[in-house]
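Commentary on secondary and tertiary structure
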Amino acid sequence: MNSVPHIPALRRGKAYESLEQIEVKDFRTGEVKATVSQVNAGIVRKDLARLGEAQAALKKFSVAQLIEICAKAGEQFLNGTLPLGDKGHTQSPQQYIETLSSTSGLPHVMVRRNMEKIHLALTNMKTVLNGLSRGLDLSILDTGNGEQFGTRLSFFPTTSALGLVMPSNSPAVNSLWLPSIALKTPVVIKPGKEEPWTPYRLIQAFIAAGAPAEAFGFYPTDHEGAAAILNGCGRALIFGDKSTTQQYANNPAIQIHGPGWSKILIGEDCIEKWRDYLDVMVASISDNGGRSCINASAIVVPHYAADIADALAQKLGPIQPTRADDANARLSGFANPKMADFIDAQIEEGLKILGATDATAKYRNGARKVNVDGGAYVRPTIVLCDSFAHPLANREFLCPYASVVQVPPSEMLKHIGYTLACTAITKNATFIEELMAFPDIERLNIGPVSTMKISWDQPHEGNMFEFLWQRRSIEHAW
């Protein structure tokens, strides 16, 4: 057996070895962890023409059976030793953790937490779907119609497959597509270049749990292949920065998962006790290495901005890179060192513009960007901005970064703009009412709740049920 695993494309669940292959390497040592078959857009388009077969394979199961399969898949994903590629290799949970860490830069402890989030989503799929469908009797989806809530209901699938263009930054984003299997919708996945591990392991976990293999397409491909998936599936998700996602902004069939610009707002009524909320702010900014779209990237306060920035800087500034297997690791390395260079340069460029101060500089022993054991890291940065007009006030980076901006409560909602997750620390009924009515907040936490807290039955970015199933009017004459 070849010592290096080969990860094939999966065409309706069947392994396909391509002549063109890329190597996925340990970003520190350069050791090849796997070769991955690459497919072109022509193969993707050819296979998309046969999606009906994949849909038919899932249709044989009831939603209740698929929920059971999800639970079993969750256990397999977290605890099972599963096939890795098509050359006889297998992967234990610990090998998954070590391999993903070595190619993505996430320390082991963060990979493990991401694994547990995915496991939680799979083993609680009934609760997830109950929240997404607002309590629908899901057996109605098995026949397409039925009665509930005192009315006749009918639903039809909006697509024969869900297309996914996945990122490499954080494994837990894969939890967003998991409900599609329980909702009888096959998936067509383009994995992130440095992160084939999580979607591939999830597919193997589903198959081991009894899901039909033909419901899974796995297509490592280029930009043209990604576009074929996005445009060829009736529904799709894309992850990426604004430059990647903006071309699809006006396409309702494509759900965009870009920067979150998540924020913490502290009301006038709670600002005197800001020290009580420091730990919530720190966790919101730095958990998961600052890599999530729901990490807070701005702290908006009516007073004490300089004091709060300084207090956050004291807690976050000294954080340094550690070994990948350190149980207390809080920073992620960058598999692509150019990304670390870019982030550091962007922050430095912004600091040259009047009105911004790096509060972490005096608590940071050394440079912001450091190289440790062959890996590039960007250390936490808290920037005090004098207004939202400053370019660094509403920025998001793949590291623990946040601005602290002082804004009167009456003007906060005029300035914050789109906010994926917003924690509002206030008991003021009028302010809460305004927040509830504000259309640009996707997920709202009232009180000292970390922006990173997720309730699986409360979608924070798009509703997968409404995306994949649509209600129609129905009448029966007999």
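Everything numeric in this text was worked out from a predicted model, so none of it was measured.

What counts as what
Residues numbered from 1 in each chain as written. Predicted model: local features only at pLDDT ≥ 70, side-chain atom pairs only at ≥ 80, totals over all residues. Heavy atoms only, no water. Helix = DSSP H or I, 4+ residues; strand = E, 2+ residues; numbered from the N terminus. Areas by Shrake-Rupley, 256 points an atom, 1.4 Å probe, with all protein chains shown as cover. Lys, Arg positive; Asp, Glu negative; His and termini not counted. Charge placed at Lys NZ, Arg CZ, Asp CG, Glu CD. Salt bridge = Lys/Arg side-chain N within 4 Å of Asp/Glu carboxyl O. Buried < 20%, exposed > 50% of the residue type's maximum accessible area, 1.4 Å probe, protein only. Phe/Tyr/Trp six-rings, centres within 6.5 Å; stacked < 30°, edge-to-face > 60°. Lys NZ or Arg CZ within 6 Å of the ring centre and 35° of its normal. Expected span 1.5 Å × (residues − 1). Contact = heavy atoms within 4.5 Å. Polar contact = N/O pair within 3.5 Å; in protein donor to acceptor, adjacent residues only side chain to side chain. Pairing = 2+ DSSP bridges. Axes fitted to C-alpha atoms, helices over the stretch in contact; angles between N-to-C directions. Arc of directions from axis to C-beta. Core = buried A, V, L, I, M, F, W, Y, C linked by side-chain atoms within 4.5 Å. Disulfide = S-S within 2.5 Å. Parallel < 35°, antiparallel > 145°, perpendicular 65-115°, else oblique. Left-handed = near helix turned anticlockwise from the far one by under 90°. Nonpolar A, V, L, I, M, F, W, Y, C, P; charged D, E, K, R; others polar.

Further remarks concern the overall build of the protein chain. Across its full length, the protein chain carries 17 helices and 24 strands. A principal-axis box enclosing the C-alpha atoms of the protein chain has dimensions of 65 × 60 × 35 Å. About 20100 Å² of surface is accessible on the protein chain, with carbon and sulfur atoms providing 50% of the total. Measuring between centres, the 46 positive side-chain charges of the protein chain sit 4 Å from its 48 negative side-chain charges.

Turning next to the pattern of salt bridges. Tallying each qualifying case throughout the model produces 21 salt bridges. Two residues, Lys-315 and Asp-279, come together in a salt bridge whose shortest N-O distance is 3.6 Å. In this pair, Lys-315 sits in helix α13 (residues 305–316) while Asp-279 sits in helix α12 (residues 278–286), placing the two residues 36 residues apart along the sequence. With relative accessibility at 39%, the residue Lys-315 sits in the partly exposed group. Its relative accessible area of 53% is what places Asp-279 among the exposed residues. With a closest N to O distance of 2.9 Å, Arg-323 and Asp-325 form a salt bridge. By relative accessible area, Asp-325 is classed as partly exposed at 42%.

Turning to the packing of aromatic side chains, a few remarks are in order. Tallied over the full model, the rule gives 7 aromatic pairs. An aromatic cluster is built from Trp-177, Phe-206 and Phe-216, whose rings are joined through pairwise contacts. The ring of Phe-77 is capped by Arg-201, whose NZ or CZ atom sits 5.7 Å from the centre of that ring.

Here we take up helix α5 (residues 108–123). Taking 1.5 Å as the rise per residue, α5 with 16 residues should run 22 Å; its terminal C-alpha atoms sit 22 Å apart, in good agreement. All buried positions along α5 are accounted for by His-108, Val-109, Met-110, Val-111, Asn-114, Met-115, Ile-118, His-119, Ala-121 and Leu-122. Structurally, α5 contributes buried residues whose contacts are with α3 (63–79), α4 (93–104), α6 (125–133) and α9 (197–208).

With that settled, the discussion passes to the side chain of Ser-284. When you line up the elements, Ser-284 lands in helix α12. Reaching out from Ser-284, the side chain makes a polar contact with the backbone oxygen of Val-280 at a distance of 2.8 Å. Discounting chain neighbours no more than four positions away, the residues touching Ser-284 are Ile-264, Ile-294, Asn-295, Ala-296, Ser-450, Thr-451 and Met-452.

Strand order across the open sheet formed by 7 strands is β17-β20-β21-β16-β15-β22-β23, with mixed pairing between neighbours. Only two strands of the sheet have a single neighbouring strand rather than two, namely β17 (356–358) and β23 (441–446). Within this sheet the neighbouring strands show an average axis-to-axis angle of 20°, counted without direction. The pairing of β17 with strand β20 (residues 381–385) spans 3 bridges and is antiparallel. The residue bridging Asp-358 from the neighbouring strand is Val-383, located in β20. Contacts from helix α16 (residues 429–437) reach β15 (262–266), β22 (419–425) and β23 within the one sheet, and its direction differs from that of β23 by about 155°.

In an α-helix, one turn spans 3.6 residues; hence positions three or four apart end up facing the same way. Of all the residues in helix α1 (residues 41–48), the buried ones are Ala-41, Ile-43, Val-44, Asp-47 and Leu-48. Along the long axis of α1, the arc covered by the buried residues comes to 160°, so they all point the same way. The secondary structure elements touched by the buried residues of α1 are β2 (9–11), β3 (14–16), α2 (51–59), β11 (187–190) and α10 (223–232). Between the side-chain oxygen at the start of α1 and the backbone nitrogen of Gly-42 there is a gap of 3.0 Å, and the oxygen is on Asn-40.

By size, the foremost hydrophobic cluster in this structure holds 67 residues, and its most contacted members are Leu-129, Leu-141, Leu-162, Trp-177, Leu-178 and Phe-206. Looking at this core element by element, the count peaks at 8 residues for α3. Beyond its immediate stretch of four places on either side in the chain, Leu-178 contacts Ile-118, Ala-121, Leu-122, Met-125, Leu-202 and Phe-206. Counting 29 residues, the second largest nonpolar core, distinct from the first, contains Val-282, Ile-308, Ala-309 and Leu-312.

So, about the side chain of Lys-184. Assignment of secondary structure puts Lys-184 in the loop between α8 (179–182) and β11. For Lys-184, a relative accessible area of 8% puts it in the buried group. Among the polar contacts listed, one links the side chain of Lys-184 to the backbone oxygen of Phe-61, at a separation of 2.9 Å. In this structure Lys-184 touches Gln-55, Leu-58, Lys-59, Phe-61, Ser-62, Val-63, Leu-66, Leu-141, Asp-142 and Trp-469, once residues within four positions along its chain are discounted.

Let us now look at the state of the cysteines. Counted under the stated rule, the structure contains 0 disulfides. Here Cys-293 stays unpaired: no disulfide links it, and the sulfur of Cys-422, its closest cysteine neighbor, is 15 Å away. Taking relative accessible area as the criterion, Cys-293 reaches 22% and is therefore assigned partly exposed. Unpaired in terms of disulfides, Cys-422 finds its nearest cysteine sulfur in Cys-270, a separation of 13 Å. The class of Cys-422 is buried, set by a relative accessible area of 0%.

On to the packing of α3 against α9, then. At a closest axis distance of 8 Å, the pairing of α3 and α9 adopts a crossing angle of 125°. One element, α3, and the other, α9, form an angle in the oblique class. In this structure, α3 crosses over α9, and the sense of that crossing is right-handed. Residues Ile-69, Cys-70, Ala-73, Gln-76 and Phe-77 of α3 lie in contact with α9, whose contacting residues are Thr-198, Arg-201, Leu-202, Ala-205, Phe-206 and Ala-208. Grouping the amino acids of the contact of α3 with α9 by side-chain chemistry returns 8 nonpolar, 2 polar and 1 charged.

What follows deals with unusual backbone geometry. A positive phi is found at Lys-184, a non-glycine position, where the angle reads about 65°. A positive phi is found at Trp-261, a non-glycine position, where the angle reads about 45°. Looking at where Trp-261 falls in the secondary structure, it is placed in the loop between β14 (254–257) and β15.

We now examine the sheet that holds strand β8 (residues 145–148). A sheet is described by the order of its strands in space; here 3 strands give the open sequence β8-β9-β24, paired in antiparallel fashion. With one partner strand each, in any of the chains shown, β8 and β24 (469–472) form the two edges of the open sheet. Averaged over all pairs of adjacent strands, the angle between strand axes in this sheet comes to 40°, irrespective of strand direction. Across 4 bridges, strand β9 (residues 151–157) lies against β24 in antiparallel orientation. By the bridge assignment, Pro-157 is partnered in β24 with Trp-469.

In short, the description is geometric, and any link to function would need to be established separately.
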